[in-house]
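Working through the structure, step by step
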Amino acid sequence: MTASIVFDLDGTLVDSAPDIAAAVNAMLADEGYESLDLATVISFVGNGLPHLVKLVIEHVGLDMARHAELSAATLAHYNRASTALTVVYPGITEVLETLQSRGLKMGLCTNKPEAPARHVLDALDMAQFFDVVIGGDSLPQRKPDPAPLHATFDALGAKQQIYVGDSEVDAETAHRAGVPFLLFTKGYRKTPVADLPHHATFDDSAGLIAAVDQLLGS
């Protein structure tokens, strides 16, 4: 049976938080505000750029009426240097090569806007692994609504499905979609692992392969 695996991006395949924080802080500097530390920005990551900027506005006391403007400014800063500090997690490229060599179909479902998500994949030499990319602006819905995940799997076409992510949003998305979920424990999660629905956890690339093999009966 052909299987498909869909991955989240930020905090699952790549550590992109430093570039996201740099974009946020560039926007804040434009507005005359002090920078936020990395941990604070990471605590805002997961629900897409508009939600992240909403939390930043609330945190520093900017005018929420300017949300669209400040979101656009943050995205512009991010697009100018979206992979300056971003790195692929150790062993992930090799995992993707292994899964691809086994004939598994792979897709990406992220709340990052699609264009910058594709740029990150291209810049980090990962685009060749993914047949489908659904971003946070690809559909009217974004995670944790299951629609983007369903759309990714539908485009891949395989009946046996696995979703891999790192966050509360990913766990809820998989749960609502009724798809087995593999949870990366060293991403941007804030909630204890035991409190999140998941089929299995992993903390490195070898653990990911083992979890996939277990689910697929390899």
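How each quantity is defined
Residues numbered from 1 in each chain as written. Predicted model: local features only at pLDDT ≥ 70, side-chain atom pairs only at ≥ 80, totals over all residues. Heavy atoms only, no water. Buried < 20%, exposed > 50% of the residue type's maximum accessible area, 1.4 Å probe, protein only. Helix = DSSP H or I, 4+ residues; strand = E, 2+ residues; numbered from the N terminus. Right-handed = clockwise from strand over helix to strand, strands pointing away. Pairing = 2+ DSSP bridges. Arc of directions from axis to C-beta. Contact = heavy atoms within 4.5 Å.

Remarks on the pairing of strand β7 (residues 181-184)
Neither face of β7 is open: one carries F181 and L183, the other L182 and F184, and all of them are buried. Crossover connection from strand β6 (residues 160-165) via helix α8 (residues 168-177) to parallel β7: handedness right-handed. Across three bridges, the pairing between β7 and strand β8 (residues 200-202) is parallel. Along β8, the bridge assignment pairs L183 with T201.

Some remarks on unusual backbone geometry
K143 connects to P144 through a cis peptide bond whose omega is 15°. Residue position: P144 is located in the loop between β5 (132-134) and α7 (147-156). Unusually for a residue other than glycine, D125 sits at a positive phi of about 60°. Inspection of the secondary structure puts D125 in the loop between α6 (114-123) and β5.

Considering α7
Turning to α7, its buried residues number three or more, namely P148, L149, T152, F153 and L156. Viewed along the axis of α7, the buried residues span an arc of 135°, placing them on a single side of the element. Opposite the buried face of α7, at more than 90 degrees from it, the exposed residues are D154 and A155. Summarising the contacts, the buried residues of α7 are in contact with β1 (3-7), β4 (105-109), β5, β6 and α8. Immediately beyond the C-terminal end of α7, within one or two residues, lies G157, with a positive phi of roughly 90°.

Distances and angles like these do not, on their own, reveal function.
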